[in-house]
2 protein chains.
Amino acid sequence: MREIRVGLIGFGTVGSGTAEVLRVQAQRLQRKTGANIRLVRVADIAIDRLPPEFAGVELTRDADQVVTAADIDIVVELIGGIEPAKSFILKAIASNKHVVTANKALISQHGREIFAAAAAKNVEVGFEASVGGGIPVIKALKEGLVANRIESIIGIMNGTANYILNRMTDEGLDFASVLQDAQAHGYAEADPTYDIEGIDTAHKLVILMGMAYGAHVRLDQVTTEGISRIEPIDIEFAREFGYRIKLLAISRNHGDSYEARVHPTMVPSRELLANIGGAFNAIQFTGDMVDDVLLYGQGAGKMPTGSAVAADIVDIARNILNGAINRVPSLGFLPDTFKEIEITPLERLRCPYYFRVTVQDRPGVLSAITGILGKHGISIRSMLQQGREEGGVVPVMMRAYEAEESAVRAALAEIDALEICTAPTVKIRIMDED
Amino acid sequence: MREIRVGLIGFGTVGSGTAEVLRVQAQRLQRKTGANIRLVRVADIAIDRLPPEFAGVELTRDADQVVTAADIDIVVELIGGIEPAKSFILKAIASNKHVVTANKALISQHGREIFAAAAAKNVEVGFEASVGGGIPVIKALKEGLVANRIESIIGIMNGTANYILNRMTDEGLDFASVLQDAQAHGYAEADPTYDIEGIDTAHKLVILMGMAYGAHVRLDQVTTEGISRIEPIDIEFAREFGYRIKLLAISRNHGDSYEARVHPTMVPSRELLANIGGAFNAIQFTGDMVDDVLLYGQGAGKMPTGSAVAADIVDIARNILNGAINRVPSLGFLPDTFKEIEITPLERLRCPYYFRVTVQDRPGVLSAITGILGKHGISIRSMLQQGREEGGVVPVMMRAYEAEESAVRAALAEIDALEICTAPTVKIRIMDED
């Protein structure tokens, strides 16, 4: 039986999960490929030995023993971060190895260099696990929806942020206490910045946009806002008007330009995206032929992510076995057809808005605020003042009809400059009703 | 530029949709494959000419001009039904053509013969469009979840049935009037039997089970019940207790046997499957590594189904271009590893149940019914009698705790034999809370 030899760098959560998937599914994968897909070596500097069930797998502290070893076909990079992951991957490619990675930070920021190096060497780079954890979202986009112009990508792509928002919504808790609890239980990192500030979601959006449009997209082109300023009263107001707040990645294809934004969004409760519970992810593509397709599942975790890494390994193994390397281009489109695109300036976005203005409770306050909004062409659809406290500080929540982001920014700058305004206004965009 | 030449049999809804997808997306597919994927000939006996946008595509009444033509690489069968579709496909395979079809009736009942013929000739048979319309459900199962033991398949796989149940639920209408309206608007066929009696759903379940388990499954092994006996009071009762009624295909993997059933089911409202609106489909796989993955989208329709057919064409085209025919086995597992499996007898199923008993309203009736249920070990959790009419006929709705199907059948046989029972009892299985 032919053998496909896999080397792994990084035996952390996803690394050990991947090793476990390959071990447990070995026979099943033989029944599907006719080959023995075998983990032969692991490089990790933090462990002294592999668990006993991996007898027969070598452990080394020297990544080169995997990255440049003559007896390895596929190098799996699961250490995360930019360096040394990037150097390891480029060295593996230079040594004619195929590469599989779950590294969204790296692929979103250095993908162009990595894919060019791989194309030059005619090796493959698989990255299914970089978006949506175990959900086969990249294969669905690249292959399943191959015959579509992608009109939009909308998704919940960060499980930690979704978990926090769900607990705030279901239990009425505030952001800080849910985060603390999530950290204590290992659902959130010690430094949660990437998850809660939308950066991780932006990484994933960049990767999907590249494949959806056959275009180069840079991380700095994505407008990114997080969820740390969301308060229970925002969630309560949303519920009252039939919305749930979700951290969404959104890209719409306008033909001459493409939206690229990550921010908390009020989603109508009857939408599937509003009902994605726990730490689950859901990604919806709209194609001009297929209409909406949504994929849902575990966006992270040891075994689900290991499942996606293993799927990439099998895909590449099949290409090795059939002499069909780069049968599907890494990013769906042939590299020489990739194009530069324009990102739609956020200022041009039009959607309904929610505002929470924090003001001193004095006569005339509301008239001052609505006056400024009106001057900028922003019409209020409903308004709610929380409590009454003459001279005290109160939040005023407002839902506005569709307005342009540029007008909203100008109006909020004026409002926030008012003496009666004691904190920056929080704005949350509302997803259009279809 | 290399050319992949496609011939199409059947220019009906899906056939013309597929032609349209290939026409509109031609340039995009070039950017993705480097080849010109071109529809060269259409065989159809019902039309005299193709629409003007298909100038350059030949039309013939003779299917052999497509099926056996030397200048065709891929034959696309979109006439549906068993014959002559089966003969055309076998003839195409015998003529060394690759085949793409959306024909679930055919694949579910004659797949074994067709795939064996294709394996013998080393040609491919694509059938993505046979399940879930435009949703890339087959690719997700075969490739995305390749490294999983599939623990269960649960799905809404028939758009017409889902549409009827949704309108009954949202508008309180009865089955017959929604069906009539759906037929008038073209959402349901003139003969809706396959859709409403669960047969179409059973076809799809057979196809998915084969790929999920690497096993031969026959259509007659699927227990199939439809939705035509559902009444508004069933839906109302379900709503009251937090359920929505859906026509589900269900298969659970018990290791030594596999469930295979299609029937209306009360689904807890917070489950995504309960919230699949309109005529949409949703299919959920549970893998031992990946946990739940759900795919949602248009389960039918001209362009969505055309999108799936085109994806198969591109997949095969890539294999032709790379000399990698049958890179992925038709059914996911290598043909010589396919096994016979045992289907779990439905009698052994355990789940909560809903019953609607139709009885004469007389003293002692309830005690007779609950006595019989109790004798068979079935405990009632809640009960509701609709109206009161001494001596008249009333429905009594009951929700029972988990019970075994065999006990339920025995109990209902006894109940239905009572003189006071004026119509067969309707039972609906309830999906277990996780």
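Remember, it's a predicted structure, so these values are computed and weren't measured experimentally. (Residues numbered from 1 in each chain as written. Chains lettered and ligands numbered in written order. Predicted model: local features only at pLDDT ≥ 70, side-chain atom pairs only at ≥ 80, totals over all residues.)

Enquirer: I would appreciate a short explanation of the overall build of chain A in the present structure.
Expert: Looking only at helices and strands, chain A has 14 helices and 18 strands in total. Against the compact-globule benchmark of 22 Å for 434 residues, chain A has a radius of gyration of 24 Å, which places it among compact chains. If you line up chain A on its principal axes, its C-alpha atoms span 80 × 45 × 35 Å. Within chain A, the fraction of its 434 residues that count as buried is 51%. Nonlocal contacts in chain A, meaning residues at least 24 apart in sequence, comprise 74% of its contacts between residues at least 6 apart. (Helix = DSSP H or I, 4+ residues; strand = E, 2+ residues; numbered from the N terminus. Rg over C-alpha atoms; globule rule 2.2 N^0.38 Å. Buried ≥ 20, exposed ≤ 12 C-beta atoms within 10 Å, placed from the backbone. Contact = placed C-beta atoms within 7 Å.)

Enquirer: How do you make sense of the domain arrangement of chain A when you look at a structure like this?
Expert: Interface extent is often summarised as the accessible area lost during association of the parts. Residues and elements named next belong to chain A. Segmentation of chain A into domains returns domain 1 (2-134 + 302-335), domain 2 (148-297) and domain 3 (346-430). Computed over C-alpha atoms only, the centres of domain 1 and domain 2 are separated by 28 Å. Each side of the interface is counted separately: domain 1 has 16 residues, and domain 2 has 16 residues. For the side of domain 1 that touches domain 2, the element with the most residues is helix H5 (residues 104-121), which contributes seven residues. Broken down by class, the residue content of the side of domain 1 that touches domain 2 amounts to six nonpolar, eight polar and two charged. (Domains from an automatic or database assignment. Nonpolar A, V, L, I, M, F, W, Y, C, P; charged D, E, K, R; others polar.)

Enquirer: Help me understand unusual backbone geometry, please; the structure alone is not making it clear to me.
Expert: Keep in mind that most residues, glycine aside, have a negative phi and that most peptide bonds are trans. With an omega of 10 degrees, the peptide bond between A:Glu83 and A:Pro84 qualifies as cis. Locating A:Pro84 in the fold gives a position in the loop between strand S4 (74-77) and helix H4 (85-94). Even without a glycine there, the phi angle at A:Asp291 is positive, about 70 degrees. Mapped onto the fold, A:Asp291 is located in strand S13 (residues 291-298). Classification of A:Asp291 by C-beta neighbours within 10 Å gives partly exposed; the count is 19. Look at B:Asn122: it is not a glycine, yet its phi comes out positive at around 50 degrees. For B:Asn122, the location among the structural elements is in the loop between helix H5 (104-121) and strand S6 (125-126). Look at B:Asn122 and you get exposed, because 11 C-beta atoms sit within 10 Å.

Enquirer: Looking at this model, I keep getting lost on the interface of chain B and chain A. Mind explaining?
Expert: With 52 residues of chain B at the contact, the number on the chain A side is 52 residues. Mapped by element, the contributors of at least two residues to the side of chain B that touches chain A are helix H2 (26-33), helix H6 (137-144), strand S13 (291-298) and helix H12 (302-322) of chain B. In terms of residue count, H12(B) provides more of the side of chain B that touches chain A than any other element does, ten residues in total. For the side of chain B that touches chain A, the residue count by class is 25 nonpolar, 16 polar and eleven charged. Pairing of S13(A) with S13(B) involves five bridges; the strand directions are antiparallel. Of the residues in S13(B), the one forming a bridge with A:Leu295 is B:Leu295. (Pairing = 2+ DSSP bridges.)

Enquirer: Even after reading the chapter, I still don't get helix H4 (residues 85-94) of chain B, so can you show me in this structure?
Expert: Every α-helix carries 3.6 residues per turn, so stepping three or four residues along brings you back to the same face. Residues and elements named next belong to chain B. If you check which residues of H4 are buried, you get Ala 85, Phe 88, Ile 89, Ala 92 and Ile 93. The arc enclosing the buried residues of H4, seen along the axis, measures out at 135 degrees, which places them on a common side. Those residues of H4 hidden inside the fold are in contact with strand S1 (2-9), helix H3 (64-67), strand S4 (74-77), strand S5 (98-101) and H5. Following H4 by one or two positions, Asn 96 has its phi on the positive side, about 65 degrees. (Arc of directions from axis to C-beta.)

Enquirer: In this structure, what is going on with the sheet that holds strand S3 (residues 58-60) of chain A? I would like to understand it.
Expert: By definition, the strands of a sheet pair up through backbone hydrogen bonds, in either a parallel or an antiparallel sense. All names here are of chain A. Ordered in space as S3-S2-S1-S4-S5-S6, the six strands form an open sheet in which the pairing is parallel. Both outer strands of the open sheet, S3 and strand S6 (125-126), are each paired with one neighbouring strand and no more. Relative to S6, strand S5 (residues 98-101) is paired through two bridges, and the arrangement is parallel. For Val 99, the partnering residue across the bridge sits in S6 and is Val 125.

Enquirer: How should I be thinking about the relation of the copies chain B and chain A in this particular structure?
Expert: For these two chain copies, the linking operation is a rotation about an axis paired with a shift along it. Structural alignment of chain B on chain A gives an RMSD of 0.0 Å, achieved by rotating through 180 degrees and translating 0.0 Å along the axis. Here the transformation between the copies is reduced to the relation of a two-fold axis. Using C-alpha coordinates, one finds that chain B approaches the rotation axis most closely at B:Leu295, a distance of 2.3 Å. A share of 100% of interface residues in chain B that are also interface residues in chain A marks the association as one of identical surfaces. (Least-squares fit on C-alpha atoms with pLDDT ≥ 70 in both.)

Enquirer: Looking at this structure, I do not really get the packing of H5(A) against helix H10 (residues 199-213) of chain A. What am I missing?
Expert: What describes two packed helices is the angle between their axes and the distance between those same axes. Residues and elements named next belong to chain A. Contact pair H5 / H10: the axes reach a minimum separation of 9 Å and the direction vectors enclose 50 degrees. Between H5 and H10, the interaxial angle falls into the category oblique. The two elements H5 and H10 cross, and the hand of that crossing is left-handed. The residues of H10 that touch H5, namely those facing Lys 104, Ala 105, Ile 107, Ser 108 and Gly 111, are Asp 200, His 203, Lys 204, Val 206, Ile 207 and Gly 210. Grouping the amino acids of the contact of H5 with H10 by side-chain chemistry returns four nonpolar, four polar and three charged. (Axes fitted to C-alpha atoms, helices over the stretch in contact; angles between N-to-C directions. Parallel < 35°, antiparallel > 145°, perpendicular 65-115°, else oblique. Left-handed = near helix turned anticlockwise from the far one by under 90°.)

Enquirer: Sorry if this is basic, but what is going on with the nonpolar core here?
Expert: Core analysis: the biggest nonpolar cluster contains 276 residues, and A:Ile313 and B:Ile313 have the highest contact counts within it. For B:Ile313, the residues in contact, after removing those within four places along its chain, are B:Val6, B:Ile37, B:Ile74, B:Val76 and B:Val100. (Core = buried A, V, L, I, M, F, W, Y, C linked by C-beta atoms within 7 Å.)

Enquirer: Which parts of the structure should I look at to understand the sheet that holds strand S3 (residues 58-60) of chain B?
Expert: Residues and elements named next belong to chain B. Spatial strand order, S3-S2-S1-S4-S5-S6: six strands in an open sheet with parallel pairing. Each edge of the open sheet is held by one strand with a lone partner, namely S3 and S6. Where S1 and strand S2 (residues 35-43) come together, eight bridges link them in parallel fashion. From the neighbouring strand, Arg 5 faces S2, where its bridge partner is Arg 38.

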